[in-house]
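Per-entry structural report
Below are the chains, spelled out letter by letter.
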Amino acid sequence: MDRLVIISNRVAPVTEGKSQAGGLAVAILEALRRQGGIWFGWNGEMIEEEQTDPGPTITESEQITYATMPLKRRDLEEYYNGYANATLWPLLHYRLDLANFDNATYEGYRRVNALFADRLSPMLRDKDLVWVHDYHLIPLGSELRQRGCRQRIGFFLHTPWPSSEMWQALPAHAELVRALCAYDLVGFHTADDLNCFAQCVTNTGAGAVEVMEDGVSLRIVTPERVVTGRVFPISIDTAHLETLARQAARSSHTRRLRDSLVGRSLIIGVDRLDYSKGLPQRFNAFQELLERYPQNQSRVSFLQIAPPSRSDVTEYQQIRRELETMAGHINGHYAEFDWVPIRYLNKSFGRRTLAGFYRHARVGLVTPLRDGMNLVAKEYVACQNPEDPGVLVLSRFAGAAREMDGALIVNPYDTAEVAENLQRALHMGLEERLERHATMIAQLRRYDITRWREDFVAALEGGNAGNAGAESLPSIDFPRQFA
Ligand code: GDG
């Protein structure tokens, strides 16, 4: 088997039992644990301008070779906090109002991508399969090509790809689309994302787009190469989580949670603290539930776990303050001496503990305003007791809504609708819960994280004819212009 080399902004080695928040890190780790390979990227450390860059440090653990390097203060400020998280992230999540367009940060973004390419290219062997992850590293493929790398290089985007109109607001929009055309394979979570990307390719004249015979991929013909664009809906390690949740049902943390609820129903939310996750709207919807259906007062508790992320970016500091205030108001207004409606926790828990919490919760509440996929939705389903499962209430704007069709699908902006569906979920009979859970767990067993990785790697290996796994995907209605 050829060597798999994975590159992501942040490399996060995780030792068993230690908590890790963030979908990309969770997914890459699951993927590499099975196949082995190299994981290249930033080690999370910052060095000062005058310090000499020591280059990548190599460590090995559990079949995985970690090649990590520190970044300089200015690089981090411009590339990571700046262009990646204050320009691209909001834009990719349809938040033009929050996007900051600044040429200096774009230069920093290009500089760090070039630096990654400088450090990585000497490590590559001819037959390596190179897999670049996420919006931080869009230009890495073209930087590697400029350094003579002829390996097969794939790119996967973990966020949504926005409409072409939205994307064009970015001054560097055409340049970044052309940069994506330096890859052999470009993967997205959903057909909508792929279609929007293809539209951008057409509008910018970066290539000619055609639908491939498998019905789920696009062929993008550019003067330099033929690029495949395809849908790979990311998934979870379903079997592992099912076992973990079964075991965790008896753990001391789950017992403590259960005891603290004294028979009340639990609604759970688990999200990185991020404005894309729709947390203020979710808090409002929970309040609406208590108002519209007052019988839930003193009977239902809402546990929201929200580990802070990207706390150097102003918008993340603001949302944190906003949520603290909201939780304070709602609790101040409704709490009783023996009941607090919202348990709002800004910290992370181990995966086993989370699995036990998911299993104990009657409702999984996942209401992002936009989300590439949302792994929490899938994890919640996998952790349920199949004989007495809880109900998933899921935003229509999460990629997961395309697959999790047994969920109650809601519009996260519609507070009343979310409240009604929470009420419905809390009172749903066993038969309906069983039926809804069965369809979703079957999909998660069929298409798990291993399958996702194997499909991507096979498509990357197989050249443009690679259509591995295509039969397990729903066929896509591509717009006529690509047919
Ligand atoms: C990006 C995209 C896409 C959260 N809190 C804790 C914890 N987590 C874990 C969850 C889950 C992961 O972090 C979060 O993944 P999501 O998919 O929900 O969201 P993002 O972090 O925004 O991920 C997203 C994903 O990449 C993969 O492509 O689905 O759309 O935005 O696994 O369980 N884990 C632990 N403790 C916590 O407190 N252990």
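Residues numbered from 1 in each chain as written. Predicted model: local features only at pLDDT ≥ 70, side-chain atom pairs only at ≥ 80, totals over all residues. Heavy atoms only, no water.

The environment of the ligand is formed by 29 residues, the closest being His158, Phe349, Asp371, Leu375 and Glu379. The contact in question runs from an oxygen atom of the ligand to an N or O atom on the side chain of Asp371, over 2.5 Å. A distance of 3.0 Å is found between an oxygen atom of the ligand and a backbone nitrogen or oxygen belonging to Gly372. At the level of elements, helix H1 (23-35), helix H12 (351-360) and helix H13 (375-382) are the ones that each hand at least two residues to the shell around the ligand. Taken together, the residues that form the shell around the ligand break down as 14 nonpolar, 10 polar and five charged. Looking at which domains feed residues into the shell around the ligand, each of domain 1 (4-235 + 449-472) and domain 2 (239-446) supplies at least three. (Near = heavy atom within 4 Å. Polar contact = N/O pair within 3.5 Å; in protein donor to acceptor, adjacent residues only side chain to side chain. Helix = DSSP H or I, 4+ residues; strand = E, 2+ residues; numbered from the N terminus. Nonpolar A, V, L, I, M, F, W, Y, C, P; charged D, E, K, R; others polar. Domains from an automatic or database assignment.)

Time to look at the pattern of salt bridges. Overall, the coordinates contain 32 salt bridges when judged by the stated rule. One salt bridge connects Asp184 with Arg152, and the closest N-O pair in it is separated by 3.9 Å. Within this pair, whereas Asp184 is found in the loop between helix H6 (173-180) and strand E7 (185-188), its partner Arg152 is found in strand E6 (residues 152-156), the two being separated by 32 residues in sequence. Overall, the relative accessible area of 10% leaves Asp184 in the buried class. With a relative accessible area of 24%, Arg152 lands in the partly exposed category. The shortest N-O distance in the salt bridge between Arg230 and Asp455 comes to 4.0 Å. Here Arg230 is found in strand E10 (residues 226-231), whereas its partner Asp455 is found in helix H16 (residues 449-461), with 225 residues between them in sequence. (Salt bridge = Lys/Arg side-chain N within 4 Å of Asp/Glu carboxyl O. Buried < 20%, exposed > 50% of the residue type's maximum accessible area, 1.4 Å probe, protein only.)

Secondary-structure assignment places Cys200 in helix H7 (residues 191-204). C-alpha separation for the pair Cys200 and Pro368, spaced 168 residues apart in sequence, amounts to 25 Å. Contact partners of Cys200, with chain neighbours within four places excluded, come to Trp161, Ser164, Trp167 and Val177. (Contact = heavy atoms within 4.5 Å.)

Side chains that are nonpolar tend, in soluble globular proteins, to be buried together. Ranked by size, the top nonpolar core spans 100 residues in total, and within it Ile7, Phe116, Trp161, Trp167, Leu176 and Ile267 carry the most contacts. The greatest single-element share of this core, amounting to nine residues, is contributed by helix H2 (residues 73-92). When sequence neighbours within four positions are dropped, the list of residues in contact with Trp161 reads Leu92, Tyr94, Trp167, Val177, Leu180, Phe188, Asp193, Cys196, Phe197 and Cys200. (Core = buried A, V, L, I, M, F, W, Y, C linked by side-chain atoms within 4.5 Å.)

Think of an α-helix as turning once every 3.6 residues; residues three or four places apart then point the same way. Here H12 lies mainly inside the structure; seven of its 10 residues are buried. Of the positions making up H12, those classed as buried are Thr353, Leu354, Ala355, Gly356, Phe357, Tyr358 and Arg359. Here the buried face of H12 lies against helix H8 (238-248), helix H9 (252-261), strand E11 (265-270), strand E12 (300-305) and H13.

What follows covers the domain arrangement of the protein chain. For the protein chain, the domain assignment lists domain 1 (4-235 + 449-472) and domain 2 (239-446). One C-alpha centre belongs to domain 1, the other to domain 2, and the line joining them spans 30 Å. Counting from both sides, the interface comprises 27 residues of domain 1 and, opposite them, 25 residues of domain 2. Carbon and sulfur atoms make up 59% of the area that domain 1 and domain 2 hide from each other, which totals about 2,200 Å². If you look at where domain 1 meets domain 2, you find one salt bridge. Residue Asp192 pairs with Arg402 through a salt bridge whose shortest N-O separation is 3.1 Å. Across the contact surface, domain 1 and domain 2 share five residue pairs in polar contact (both at pLDDT 80 or more). Among the secondary structure elements, those contributing two or more residues to the side of domain 1 that touches domain 2 are H1 and H2. Among the elements that take part in the side of domain 1 that touches domain 2, H2 stands out by supplying five residues, more than any other. The class makeup of the residues in the side of domain 1 that touches domain 2 is 11 nonpolar, 12 polar and four charged. (Buried area = accessible area lost by both parts, 1.4 Å probe.)

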